[in-house]
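Chain by chain, the residues run as shown.
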Amino acid sequence: MAASVLCAHSTQRLLLSRAFRASSWSRFAALGIHTTGGHMQANQKDFEKAQNDLKLLKKDPGNDVKLKLYALFKQGTQGHCSTPKPSMLDFVNKAKWDAWNSLGSLSKDEARQTYIELVSNLVSSESPTKDPSSSSRAERKYETLQVSCQDNITTISLDRPEKKNAITLQMYEEIGLALAEAAKDDSVITVLTGRGDYFCSGNDLNNFTNIPLEGKEKMSSDAAVILQAFVSKFIDFPKPLIAVVNGPAVGISVTILGMFDLVYATDRATFHTPFSQLGQSPEGCSSYTFPRIMGLSKAVEVLLFNKLLTAHEACKLGLVTEVFPDSTFKKEVWERLKSYGSLPKNSLAFSKQLIRETDKEKLHAVNVQECERLKERWLSEECMNAIISFFQNKAKL
Ligand code: COA
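The model shown is predicted, which means the values in this text are computed figures rather than measured ones.

The rules behind these values
Residues numbered from 1 in each chain as written. Predicted model: local features only at pLDDT ≥ 70, side-chain atom pairs only at ≥ 80, totals over all residues. Heavy atoms only, no water. Helix = DSSP H or I, 4+ residues; strand = E, 2+ residues; numbered from the N terminus. Buried < 20%, exposed > 50% of the residue type's maximum accessible area, 1.4 Å probe, protein only. Areas by Shrake-Rupley, 256 points an atom, 1.4 Å probe, with all protein chains shown as cover. Polar contact = N/O pair within 3.5 Å; in protein donor to acceptor, adjacent residues only side chain to side chain. Pairing = 2+ DSSP bridges. Axes fitted to C-alpha atoms, helices over the stretch in contact; angles between N-to-C directions.

(A) A look at the overall build of the protein chain. Counting secondary structure elements, the protein chain contains 16 helices and nine strands. By the burial criterion, 49% of the 397 residues in the protein chain qualify as buried. On the protein chain, roughly 18,900 Å² of surface is accessible, and the fraction owed to carbon and sulfur atoms is 54%.

As structure tokens, then:
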């Protein structure tokens, strides 16, 4: 986990917010009218209206939304991003470039339409007459996830495919929120999966570059609180929780699997927990669940010595329930999930609780211990050196 939680007051965010504050929200909003070309078509009027509406917003929508608006505006006026990638130390421009570049080949029209819709949502969210529980707001609740409910299944999909679904602080919070909602909704089972070719690449390592103003100790203890709360959501989840591992999994996306009730994986998936390479230590209760699932000596290879498991190896060790050929993975798994969704909800929930209840107290205690250890690790020279070397290697590429 480590990294992304460290970003609570990240330098990147700090610099971004400084940059945005410096230009003031209304000046940022005015960005929208700088470069309109002569090629706008059908929705030009709506597009211009959205740019003007944006300037009238009273509330700052936050840096993530501003970046999204910036990217959509650039895509809608200039097309796909073809400018050179700024250096990773140029935090503000790199973040803007990333946001624009992530839109890939989205057409100008689609970008403008999405921009218009996003502004319209921001405007209506400020309107006092708006019903706060309306479905359009609910659909836009998560920025880093796609959450859907169908066939009695709540599916939470990690949605940063361009970053291999690396988990940011915002994402940790959104996953926690989505799980809390799924725990209470009418669904029978809950599924966690990833969009794109990766299940998840673990923590967003960019967050390791964060040096908060309050000091490293505060950052580290805040991070531990966030990690502990995140993992607790999995320990306490009351219904069958199923991981649909659609590709490689790294770090925390592997360690939490011990708390899932079923893990279905494509044969393309791999499982890697490179903690000692990063000067860190296990989380997600894996220091307890992995030795129990796969035996002590195999767990040691995985958690201490960075052994990467193939899907078939992970299945043989009991971490994965079943492996499917990639070509039929989705079809086969979803057929099965749909049939599970038609089973009696309470019977499944009570059975899961009977199986898990005896371990719950222990898991919470393990979670606390793991977070305590990580609090120390995140401040250690070993961890800092490992992260610096990761970024140095990346810069050389
Ligand atoms: N944190 C931050 N950024 C990440 C990331 C992570 N955990 N995983 C992937 N990314 C980013 C890459 O930096 C890259 O960003 P860029 O387009 O701005 O350069 C983008 O996602 C695509 O990844 P890339 O490295 O180009 O893809 P790849 O297929 O060559 O390699 C990984 C994928 C996951 C093997 C590689 O990105 C990696 O090793 N990431 C770090 C994994 C890790 O150590 N996680 C923490 C475990 S505790």
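Additional details are given in the paragraphs that follow.
(B) Seen up close, the environment of Asp222. Inspection of the secondary structure puts Asp222 in helix H9 (residues 216–235). In sequence terms Asp222 and Lys375 are 153 residues apart; their C-alpha atoms lie 9.0 Å from each other. Here the side chain of Asp222 touches Lys218 through a polar contact of 2.8 Å, side chain to side chain.

(C) Just the sheet that holds strand S4 (residues 241–245), in detail. Taken together, the six strands give an open sheet; going across it, the order is S1-S2-S3-S4-S6-S9, and neighbouring strands pair in mixed fashion. With one partner strand each, in any of the chains shown, strand S1 (145–150) and strand S9 (322–324) form the two edges of the open sheet. Geometrically, the sheet is characterised by an average inter-axis angle of 20° between neighbouring strands, direction not taken into account.

(D) Structural view of the sheet that holds strand S7 (residues 270–272). Strand order in the open sheet formed by three strands is S5-S7-S8, with mixed pairing between adjacent strands. Of all the strands in the sheet, the pair left with one neighbour each is strand S5 (249–250) and strand S8 (309–310). Here two bridges tie S7 to S8, and the two strands are oriented antiparallel to one another. Residue pairing for S8: Phe271 is matched across the bridge by Leu309.

Keep in mind these numbers describe shape, not what the thing actually does.
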